[in-house]
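# Fold and geometry: a report
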Amino acid sequence: MTILLPGLLDTDAIRKDFPILDRRVHDGKKLIYLDNAATSQKPRQVLDVLNEHYEQHNANVHRGVHVLAEEATALYEGARDKVAAFINAPSRDEVIFTKNASESLNLVANMLAWADEPYRVDHDTEIVITEMEHHSNIVPWQLLAQRSGAKLKWFGLTDDGRLDLSNIDEVITEKTKVVSFVLVSNILGTVNPVEAIVRRAQEVGALVVVDASQAAPHMPLDVQALQADFVAFTGHKMCGPDGIGVLWGRQELLEDLPPFLGGGEMIETVSMHSSTYAPAPHKFEAGTPPIAQAVGLGAAVDYLTSIGMENIARHEHAITEYAIRRLQEVPDLRIIGPTTAEDRGAAVSFTLGDIHPHDVGQVLDEQGIAVRVGHHCARPVCLRYGIPATTRASFYLYSTPGEVDALVEGLEHVRNFFG
Amino acid sequence: MTILLPGLLDTDAIRKDFPILDRRVHDGKKLIYLDNAATSQKPRQVLDVLNEHYEQHNANVHRGVHVLAEEATALYEGARDKVAAFINAPSRDEVIFTKNASESLNLVANMLAWADEPYRVDHDTEIVITEMEHHSNIVPWQLLAQRSGAKLKWFGLTDDGRLDLSNIDEVITEKTKVVSFVLVSNILGTVNPVEAIVRRAQEVGALVVVDASQAAPHMPLDVQALQADFVAFTGHKMCGPDGIGVLWGRQELLEDLPPFLGGGEMIETVSMHSSTYAPAPHKFEAGTPPIAQAVGLGAAVDYLTSIGMENIARHEHAITEYAIRRLQEVPDLRIIGPTTAEDRGAAVSFTLGDIHPHDVGQVLDEQGIAVRVGHHCARPVCLRYGIPATTRASFYLYSTPGEVDALVEGLEHVRNFFG
Amino acid sequence: MKLDSMYQDVILDHYKHPHGRGLRDGDAEVHHVNPTCGDEITLRVRLSGETIEDVSYEGQGCSISQASASVLNELLVGKDLGEARRIQETFLELMQSKGRIEPDDAMEEVLEDAVAFAGVSKYPARVKCALLSWMAWKDATAQALGEGSENTARKTA
Amino acid sequence: MKLDSMYQDVILDHYKHPHGRGLRDGDAEVHHVNPTCGDEITLRVRLSGETIEDVSYEGQGCSISQASASVLNELLVGKDLGEARRIQETFLELMQSKGRIEPDDAMEEVLEDAVAFAGVSKYPARVKCALLSWMAWKDATAQALGEGSENTARKTA
Ligand SMILES: Cc1ncc(COP(=O)(O)O)c(C=O)c1O
Ligand SMILES: Cc1ncc(COP(=O)(O)O)c(C=O)c1O
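Just so it is clear, the model here is predicted, and its values are computed rather than measured.

### Observations regarding the pattern of salt bridges
Evaluation of the coordinates by the stated rule reveals 62 salt bridges over all chains. Here E29 of chain C ties to R44 of chain C by a salt bridge, and the two come within 2.6 Å at their closest N and O atoms. Of this pair, E29 of chain C sits in strand β1 (residues 28-33) while R44 of chain C sits in strand β2 (residues 40-48); the two residues are 15 residues apart in sequence, bridging distant segments of the chain. Taking relative accessible area as the criterion, R44 of chain C reaches 22% and is therefore assigned partly exposed. The network of salt bridges with shared partners includes E77, R80, D81, R92, D93 and E285 of chain A.

### Structural notes on the sheet that holds strand β1 (residues 28-33) of chain D
Residue and element names in this part refer to chain D. Pairing in this open sheet of three strands is antiparallel, and the strands run β1-β2-β3 from one edge to the other. Both edges of this open sheet fall to β1 and β3 (51-60), since each of them pairs with a single strand only. Between one strand axis and the next, the sheet turns through 20 degrees on average, direction left out of account. One ladder, built from nine bridges, connects strand β2 (residues 40-48) with β3; its direction is antiparallel. Bridge pairing in β3 places R44 opposite S56.

### Points about the confidence of the model for chain C
In this model, chain C carries an average pLDDT of 89, and 93% of its residues clear a pLDDT of 70 or more. Taken together, the stretch residues 150-157 of chain C has pLDDT below 50 and engages in 24 contacts with residues farther than four places along the chain or on a different chain.

### Regarding the nonpolar core
If you look at the biggest cluster of nonpolar residues, it comprises 164 residues, and the most contacted ones within it are V231, F233 and L397 of chain A together with V231, F233 and L397 of chain B. Ignoring any residue separated from it by four or fewer positions in sequence, one finds V231 of chain B in contact with V210, A212, L221, V223, L226, V246, L247 and W248 of chain B.

### Some remarks on the UniProt feature "domain: NIF system FeS cluster assembly NifU N-terminal" (unreviewed entry) in chain C
Cross-referencing UniProt, the feature "domain: NIF system FeS cluster assembly NifU N-terminal" (unreviewed entry) maps to residues 6-129 of chain C in the present numbering. Helix and strand shares over residues 6-129 of chain C are 41% and 20% respectively, and the end C-alpha atoms of the span are 12 Å apart.

### Looking at the pairing of strand β6 (residues 151-155) of chain B
All names here are of chain B. Two elements, strand β5 (residues 126-130) and β6, share five bridges in a ladder whose sense is parallel. Across the sheet, I127 pairs through a bridge with L152, a residue of β6. Taking the sense of rotation as the criterion, the β-α-β connection linking β5, helix α5 (residues 139-148) and β6 turns out right-handed.

### Points about the site of ligand 1
Among the 15 residues in the neighbourhood of ligand 1, the closest are listed as T288 of chain A together with S102, D211, T234 and K237 of chain B. A distance of 3.0 Å separates an oxygen atom of ligand 1 from a polar atom in the side chain of H134 of chain B. One of the side-chain nitrogen or oxygen atoms of Q214 of chain B is found 2.7 Å away from an oxygen atom of ligand 1. Relative to its unbound accessible area of 390 Å², ligand 1 is 96% covered by the protein chains. Residue classes in the shell around ligand 1 are distributed as two nonpolar, 11 polar and two charged.

### Structural notes on the arrangement of the chains
Interchain contacts are distributed over five pairs of chains, and the most extensive set of them lies between chains A and B. Nothing in chain C touches chain D, and the closest approach of their C-alpha atoms is 29 Å.

### Observations regarding the relation of the copies chain B and chain A
For the pair chain B and chain A, the best superposition has an RMSD of 0.0 Å and corresponds to a rotation of 180 degrees with a translation of 0.0 Å parallel to the axis. Taken together, the turn and the small shift mark the pair as related by a two-fold rotation axis. When the interface residues of chain B are mapped onto chain A, 100% of them again lie at the interface, so the same face is used by both copies.

Reading guide: rules and limits
- Residues numbered from 1 in each chain as written.
- Chains lettered and ligands numbered in written order.
- Predicted model: local features only at pLDDT ≥ 70, side-chain atom pairs only at ≥ 80, totals over all residues.
- Heavy atoms only, no water.
- Salt bridge = Lys/Arg side-chain N within 4 Å of Asp/Glu carboxyl O.
- Helix = DSSP H or I, 4+ residues; strand = E, 2+ residues; numbered from the N terminus.
- Buried < 20%, exposed > 50% of the residue type's maximum accessible area, 1.4 Å probe, protein only.
- Pairing = 2+ DSSP bridges.
- Axes fitted to C-alpha atoms, helices over the stretch in contact; angles between N-to-C directions.
- pLDDT = per-residue confidence, 0-100.
- Contact = heavy atoms within 4.5 Å.
- Core = buried A, V, L, I, M, F, W, Y, C linked by side-chain atoms within 4.5 Å.
- UniProt positions renumbered as here; feature names shortened; annotations may be inferred.
- Right-handed = clockwise from strand over helix to strand, strands pointing away.
- Near = heavy atom within 4 Å.
- Polar contact = N/O pair within 3.5 Å; in protein donor to acceptor, adjacent residues only side chain to side chain.
- Areas by Shrake-Rupley, 256 points an atom, 1.4 Å probe, with all protein chains shown as cover.
- Nonpolar A, V, L, I, M, F, W, Y, C, P; charged D, E, K, R; others polar.
- Least-squares fit on C-alpha atoms with pLDDT ≥ 70 in both.

Quick look at the structure:
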C-alpha cells in the first residue's frame, strides 16, 4: 500500500539515484535507512563526479601552471562558488572548506582565543551556548573557556524540547563575546528561533555562531537572512562525501581574525623569521585541502538544488508529521523533543518503556531497519530529560511513509521480544 | 626506444592501474605527469574501494548498532590497522587520522602549547626546525613560538642542499622542547640524517617530530626504527584519496598530552560543566572523521605493499639517477639540491638560465609535461639559494625513463622559445 | 533468528532479575563509561584477604551490559582472586573471539552462565557492553589491592 | 601553437627590454606579492597634481608579470589620473574575461600594447601575474592620495 501525503517528493525516482538503498542486509532484508542525521547516503551523481575527478583531473590545487592543476583548481574553486550560492553568501571568499562541522566550530573558537580586541575571549568575558548542542558545539567552547578563563554559560531547555529563552537577558550580557547555538537539534529535532537570539547578541555586541549541520541538508539556508557571523555545516550529511565541512564567516571578521592552522596554501610569504598570510578563505585552509571532497560537495549541492531545498523541506515535514503521529500509537513510546512537526526537523528521538535503546536498535537492525541509539553526541540533553539514551529515527529526501510504517511494526516486534 | 635501468618496476603493467595516465592534454598530447611531489595519481584499486564503500557500506562510524554502521566502523578501524602495519607502529592506537599532514603537524604544535610539564612549550623554551622545511612544518611552529613566547631556531643548509648540522650542539640545547624536521625534502629531494638529530634531541630530552610526507609514499617507513616521537604524513601523495592524513605518536605521549579539536567522537563523557576524553586515537579525532578517505588510504597501503616499498624505492632511485644525469646535459640548467642520487628522493628542482620557472612550466605544459613551478611551499630554501623559484620534476612508481627524456627535450624547447 | 544467539534466555533472565545490584560497602570504587554508547557503571569490590566478599554495582545500560554485571556478581562473589582472574580472562577471550570460539565443556565449567555471551561476540558494537563491568571489576580490584588504577589517563575538561 | 597567444612578441619584447625598471623617488611605495606563485613587486608612484610623473618598480617574476609592469610604466606615465584609472579598469576587465573578450579597436586605443595580454586571460594561473603590477599601482596611488591602503589586512606572524 502506498501512502500519499501532501508534499511528498517522487521517492521512487529519487531512490534510484542512491545505489546503497538497494542493499539487502541480514539474509535478504531490504535496508530501511533511518540514520540520516548521522550521515546521509550519496547519490550516483556525486559518486560519478568523484570518479571523474580522480580519473581525469586529479592534481594539487593552486600554484600549478599545468593543465591538471588548472582543472583541479577550477573545480575546487568552482565548488566554493556553488556552496556560496547555496547558502546565499555575499561573497565566495567567505566560504572556508574544513574537514567537517566540528573543525569549523573549533576554528571559530580558536580564532577567538588568539584574536585581538574587540574579539578576544579572555577571563573577563563570557561564552554562551545551549543545553541542546552537539558535543562538537560544546567541547570547543569548554576548551576555550578553560584555556582563556572565560565563563561558559548556556540556555536550558523546556519540558517539550524547546530552548528556554525566558532568561535571555541574564544569559547574554555585556560580557558575552560569542553566542553559539544549533539551528536544528540533531537529537530533539527542534528548530531554534534564530532571530530572538541574534537580536539580543547584537544588542550586546556578541558574535553569533550558528551550527547548521542539521539545517543545511534539509531546508533552504540563507546566511544573510540568519544575520549570524559564522555558520558551520558538514558535507557528509547533505549527500556529499566524507571529509569535507564548511565554515562561512563574515568577510571583515575573516580579515581581522588570526589564522588557526598554519602551513602551505594559507600564506602570503614565508621567511624563517616571520610569515604573512593570504586573504580569506585561503588564510584558513592550511595544507592540501580536501579537493575531491569539495568537488563532490559541489555536486551534492547541484543535486539538492535540482530537487529544490523547499521541496525537500516540504517532503520531510510531511514524513515527520506522519512519523510523529504513527510513533505515538506505539504503547510506552515517549518522544523526546517536540511532539508536533512545527519548527521541527526530521530527526525523531524516543524511548520505549524501559527497554534500553541499544536493545531497541539491535532488534530493529535484525529487521533491516537502521536507526541510531545512544546519546547522539548530545549527552546533556539525555541528562536534562533523565534518560540514559534514546533511539532516533531520522529522515531525508528519499524516506517514505512506508519506511515509517516498517519502523512502527519493528517497534512492536521489539516490545514483544522484550515483553 | 625503451631505456632499461637496473631496478625499474614493470611500469607498463603499473600504468594500467592509473586511469588518468591515459589522459591526453592540449589537443591530444600524452600526459607526462611529473608533479608527484605535489600529489600522486590514484590507482583503480583505490577508486574501486572508494566506490564500493559509498555504494555498499556508507554510514557514520562508532556508536551504531546497525549493519552499515558496523561495516563502516570495521572498515575505518581496519584502515587504521593497515596503516599501523605499514609504518610498523607498535600499536594501532598510535595512529591518528587527520585531514592532511599539515593538520598532523599543527596537532602536535597545539598539544604542546596546552600541555602540562614536562612537555609544555613556553617562553623559557626553544623549538628547533630546519631551513628546508615545508611551510606546513614552519608556520605551525612560528605560531606556537609567537603565542607561547618560545624561541624558534633552525638548522641552515649547505651549498649542496644538505642540512648543516655542524653546530648541532648550539642549535639543540637543554632549552629545546621539540625538534621537528623533514625526512625527505619536497624541494631539494634531500634525505636527512635522522639518527644524528634524534640522538642529540634525546640527549637533551626534546621531543622529535618527523615530517614524513615525502617519505611514506616512496620508501619503507618504520616509526620504531626512526625513534621519533611523532611522525606525520599525508594520504594524497601515496596513492590515497585527498582529505586524509596521519599522525603517528608514541602511546604514552598521546595519553599525557591534551586534546586539540573538541567534539563528537573524542569524548568519554560530556556534561555542560565538564568533559572527559576518550583514549587515543579517538581523543584526537573530533567529529565525523574522513571515513571513506581512511578506507581509501587503507586500499592505497595495500596497493603499495603489493608492489613493495623496497621495490618502489629502487625504481625511483634508478629514475632519479637517470634524471639527474640527463638534466645536467641541458645547458644553463642548475640543480637546486644534491646532484647525486645518494640519500635523495625523487623530486628534482632546478633553474634554467634566467628563464623564470613559470615560463618554463608553461612551455612544458604545452607539450603535455606537468611539472610544478614556484617555491614549493619552501620559500626559505629559495631565499637561501638566492633564486626566486624553481621548476621541479618529481617521480613516482609509474614514472619511466622515457618521461625523463621527454622532459629533457621539453626543456630544449623552452630554451629555444625564450632564446 | 540470529538475534536469539545474542539474546539468550539466560541473558534476558539476568537482565530482568539482576543479582546483587545496588551499592554496598567496598574497599574500592570505580566508575566506568563506555564512550561509544554512554553505558555507565559504578562498581565496588570488598575483599577479605584473597577472597572476594562482595561486588556491588549500580549503573545504566542495555540488557547486555546489565546482564553481564549480574552474571559477574553471581560468578565472582565468594571466589578467591586467582580463580576470579582466570574467569575474567576466559570471559575476555570469549568476547574478543568475534564469534569464532564455540565454548566447550571446559570453558563452560569456568564461565557457567557467562558462556551465554558467546553470541554477543559476533556483534562488535556490543562486545564493549558485555565487558564494561568486567573491566570495572578488574580496575576496582587493582585499586583495592593498592596497585593503582589501570584506567588509562583521562583528563577532565 | 596555443602558447603564442600568451607569449605575444610584444610581451616577450617588454620582458627582455623592460621600460622604466628600477626604483626612483616617489610619493608612495607598496610591496605586493602573488601568494600563489611568489612573484613580488615593489612599486612607487610620483604624482604632480593629477598627473602621473613616474611609476618606478623593482621585482621578480615571470615574463608575464615583468612585461606587464613594463607596459604599465609605458602606458601610465604622463597620463592624468582619470585616464589612468580608465586604462587600469579596462585592463582588469580584459584579464578577467577568461579569453572571452576579443579586443576591438576601441579597446586597443585605450590599452595600446597591453591588448597583447588578451591571450593570457585564458590561463587562470597567469592572470594574477599580469595583474600584479596593476594592483600595486592602484594601491600605491591610493596611498599617495592619502586614501590609505586598499590592501586587505595582512598580519605578520
Ligand atoms: C615535506 C612536506 N611536508 C608537508 C606537506 C603538507 O602536506 P599536506 O598539504 O597534505 O598537508 C607536504 C606536501 O605538500 C610536503 O611535501
Ligand atoms: C548538530 C550537529 N552539529 C555538529 C555535528 C558535527 O558534524 P561532524 O561530525 O561532521 O563534524 C553534527 C553531526 O554529527 C550535528 O548533528
